[in-house]
Structures are given as C-alpha cells and as structure tokens.
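Summary of the model geometry
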Amino acid sequence: MDNIVKKYSTDKKIKFSANITRVSVYSALIWCIVAVLLTSILRDMLFSYINWFFGGTLLVLLTFILAKSKRRVILLGILVALILVHLPGSYDISREIKDSMNWLSCIEFLMLCCDQKSLNKIQGYLERSETLIKYVLYIYTIELLTIMMLPSAYTYAWGSRVFTAYNAVQGTAANCCLYIAIALYYIGVFNNGIQNARKIIQKNLFILFGILLNLAAIIMTQIRTVLFSVLAAMVLFIMILFKDNVKRFLVFIISGLLGIIVLLNSDGFRAKMLYSIQQLSFAGFTALDALLSSRPIIWKRLLTYFWKEDSFFNYLFGSGFARVYEINIVYGNGRNINAHSDIIHTFIGFGITGLSVMLIYSFRMLSFKTKQDWLGSLVLLLFAIIPEAINGIMMTPSHVYSVLFIILVLNILHIRRNTRYA
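Presented here is a report on the structure given in the accompanying data block.

1. Structural notes on the state of the cysteines
Applying the stated criterion across every chain yields a total of 0 disulfides. In this structure Cys-114 is a free cysteine whose sulfur lies 6.8 Å from that of Cys-113, the closest cysteine sulfur available.

2. Here we look at the environment of Leu-42
Among the structural elements, Leu-42 can be located in the loop between helix 1 (2–41) and helix 2 (48–66). Exposure remark for Leu-42: the relative accessible area of 16% places this residue in the buried category. Along the sequence, Leu-42 and Ala-153 sit 111 residues apart, while their C-alpha atoms lie 9.6 Å from each other. Excluding residues within four positions of it along the chain, Leu-42 makes contact with Glu-143, Ile-147 and Tyr-166.

3. Some points on the side chain of His-399
Tracing the backbone through its elements, the reader meets His-399 in helix 19 (residues 397–421). Taking the relative accessible area as the measure of exposure, His-399 reaches 3% and is therefore buried. A polar contact of 2.7 Å, which involves the side chain of His-399, links it to the side chain of Asn-175.

4. Some words on the packing of aromatic side chains
The full count for this structure, using the stated rule, is 13 aromatic pairs. Here Phe-53 and Phe-54 contribute two aromatic rings whose centre-to-centre distance is 5.4 Å and whose plane-to-plane angle is 70°, an arrangement assigned as edge-to-face. A relative accessible area of 25% places Phe-54 in the partly exposed class. Here Phe-312 and Tyr-315 contribute two aromatic rings whose centre-to-centre distance is 6.5 Å and whose plane-to-plane angle is 85°, an arrangement assigned as edge-to-face. Pair noted here: Phe-312 and Tyr-315 are both in helix 15 (residues 312–317), with a separation of 3 residues, about one helical turn. The exposure class of Phe-312 is exposed, given its relative accessible area of 59%.

5. Brief notes about the environment of Asp-99
One can find Asp-99 in helix 4 (residues 93–113). According to the relative accessible area criterion, Asp-99 is buried, its value standing at 2%. Taking the C-alpha atoms as reference points, Asp-99 and Phe-321, separated by 222 residues in sequence, lie 6.6 Å from one another. Residue contacts for Asp-99: discarding those within four places in its chain leaves Phe-321, Tyr-325, His-345 and Met-395.

6. What about unusual backbone geometry?
Although it is not a glycine, His-340 adopts a positive phi angle of roughly 55°. Among the structural elements, His-340 can be located in the loop between helix 16 (322–331) and helix 17 (342–370).

7. Description of the packing of helix 6 (residues 130–148) against helix 9 (residues 205–221)
Interaxial distance between helix 6 and helix 9 falls to 10 Å at its minimum, and their mutual angle equals 40°. Relative to helix 9, the element helix 6 lies oblique. Considering how the two elements wind past one another, helix 6 and helix 9 form a crossing that is left-handed. Residues Tyr-138, Tyr-140, Thr-141, Ile-142, Leu-144, Leu-145 and Met-148 of helix 6 touch helix 9, and the partners they reach there are Phe-206, Ile-207, Phe-209, Gly-210, Leu-213, Asn-214, Ala-217 and Met-220. Split by residue class, the contact of helix 6 with helix 9 holds 12 nonpolar, 3 polar and no charged.

What counts, and where the lines are drawn
Residues numbered from 1 in each chain as written. Predicted model: local features only at pLDDT ≥ 70, side-chain atom pairs only at ≥ 80, totals over all residues. Heavy atoms only, no water. Disulfide = S-S within 2.5 Å. Helix = DSSP H or I, 4+ residues; strand = E, 2+ residues; numbered from the N terminus. Buried < 20%, exposed > 50% of the residue type's maximum accessible area, 1.4 Å probe, protein only. Contact = heavy atoms within 4.5 Å. Polar contact = N/O pair within 3.5 Å; in protein donor to acceptor, adjacent residues only side chain to side chain. Phe/Tyr/Trp six-rings, centres within 6.5 Å; stacked < 30°, edge-to-face > 60°. Axes fitted to C-alpha atoms, helices over the stretch in contact; angles between N-to-C directions. Parallel < 35°, antiparallel > 145°, perpendicular 65-115°, else oblique. Left-handed = near helix turned anticlockwise from the far one by under 90°. Nonpolar A, V, L, I, M, F, W, Y, C, P; charged D, E, K, R; others polar.

Below is the structure:
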C-alpha cells in the first residue's frame, strides 16, 4: 500500500511539474512579446540592450517550445550553423547578428503558427489570462495616446511630420501598433463570439477606441506596406460583423472610400504618390519601379552583383545578411538599407537553403488555413505573404507577432463555426 501511495504521489508531482513547465513557457512567451513591443516603441528612451535582452529571451523560448520535434531541431541546428559560418567574414558583424536573430525568430514563429498543438496551448493560456492581458493592452493604448501628443515622437520625411514614437525606424512603430490593434481585436472576438460580434462595438468601446487609435498611428507612420495587413484585418472584421453579403459589399465600398480619403489627406502619403509619379520621367524608370518606390531597382542591383561576385557555395548557403548592406552601400550610392523583400534578403543571406525554409513554412502556414476556409487563406495572403514579398517583415518581427494573433482569431472562428453547424 505504501508503495502504491508513493508511486501515486510521485506521478502526481511529475504531472503537476509538467503542467507548470508548459504553462510557464507559453505564458513567458506571451509576456516576452509584450515586453519586446514596449521596449521597441520606446527604444530611444531606454538602453537598447534591454530590447535585445527580451528579443533574445523570446528566441530561446521559441526554440524550447519547438524542440519537441527532432526534425525541427535538426533544421534549426543547420540554420544556426550557417549563422556561425557567416560571422567571421561578415562585412558588419553587429548587423549580421541583429538580422540573423530577427530572421531566425521569425522562422520559428512561422513554425509555431503551423503547429496546432502549440496554438491550442497559447490560446488556452490567453483564455485564462484574458482579463490581465486586456488591461495591459488598455495601459499600452493610453501610453500610445500620450506619446502621440508629444512633438518629440515625430520626425520629418517626405515634406511632412512622420510618427516614429521613440524608435528611429518608422516600420517598427507601425508594426508595434499593428500588433496591438490585432491583439485588441482578438480580445474583442474572444469576449463576444462569432455570432455576437456586434458587441465588440456595443459593449467594448475602449477596445474599439484602441483599435482606431493604433490604426491612426499606423497611418501617421506613412508605411504603406502595412496597409495590406490593415486591409486583411478589415476584411476579417467585416466578414465577422455582417452575415448578409449585400451589407458586406456596401461596408467594403464605404470603408474603402473613407480609407482613400484619409490617405489622400495625409501630406506624407500624398508626397510619396507625387514622387512616384515624378519617377516615371526619370531615365530607365518603369511604371513598376514608380509604383513600388524603386524597390525593383534595389532587387535588380542586389541580385546582379550577388550573382556576379559570389560563388556557387554562396548561392546554396548564402553570404550572410550583411552582404545585402555591403552591395547597397558600394553600388547604391552609399545607401545602407536592406533588400525590402524577405525573398531576396533571405536568398543573399542564407542562399537557396534558407529561402526554401522560409517559403516552405510561409506557404505551409497559408495552406494550413486554406484547409479550414478560403477566408483564412485570403487574410493571411494580404496580411503576411504580400508584405513579406514586396517589403519584408522578417527584419521587424513585431509584424510576425501580429500574424500569430490573426491565426488565433481564425482558429476561434473555425472552431465556433464547426461547433455551430455540427
């Protein structure tokens, strides 16, 4: 009898310990994301290593969660080995480390988004901690409102004021605001359910205010690529809110017209559009170059010199991310910029090997949701795949964090729809 009691007690302790570990890892992951966002948007006011500490911790937590699969462990081991191989001959070691950490973190997030068991555990923790997370998001919204009223949170670009919060990179501010808007949206959907989504407006005015405030901040950053993600979120919101197709169509049209009016009244967006039109008169500029703000010229330059100056080994395994900046500085009039496309940035940095990994998990995530319904596929295409191709989201991981919450929203809708019609 004593042995049986002892065995039961031991088994219970092991089970309790496993549950504590599981909860602590997923809870730490969520709060680490929040910490990265807060320190990103206030980075110029804080020591930058605080932001890097939370970013590094997030990478460790993701690796720990994904380590349950031997195949993923081997794959991540190969990618880490490539990073170490590129470091000694890197043009800029600090840049190499920074981009490699961001890229690896994003790849691990894509892996996480394709793992239904991990998504269920994250969703379970969010359900248990929904009230606490909601109030943290409220505090962030009040903080953002305060920052938006401070003149020092703006800089001048394209002939107008641009909101950067307290981060030197406009894209970081835009993607942090995008994440918070999607997280608030998730809380609203979770609170009210798919069949009563109108209560998001009726009973959660502060959530609606927070979403609109973050969208206003995104527009003030003048980062156009993020608008694809905003459009995706709007599509998802309208599809939930309205059941009648005629109403959906009318709301799409009205929302689209209002969006166009708001953008045309923004000095920065208007200046960018005028500059794009002026580019058509430049020698060698095509309509596509003008439409994409000279990105095709950057892509052509990078691929041309990478193909001419690097070896077959580099085509397979890359030359390191710092090589992108080196080509742009040497052959692009000293412009120290990234590739503005995750496809090209990854190909030069990690070769065909890294590019294959990125594309496989990107489209696996897309097909993962396509199996559920066409809406998930359309939303993820607009929210993640298009920005990934024409601008790049790997170097600003906060955009990828938003993808996680969009998938969680799609999960809720899929589960409730199946339960409703079962």
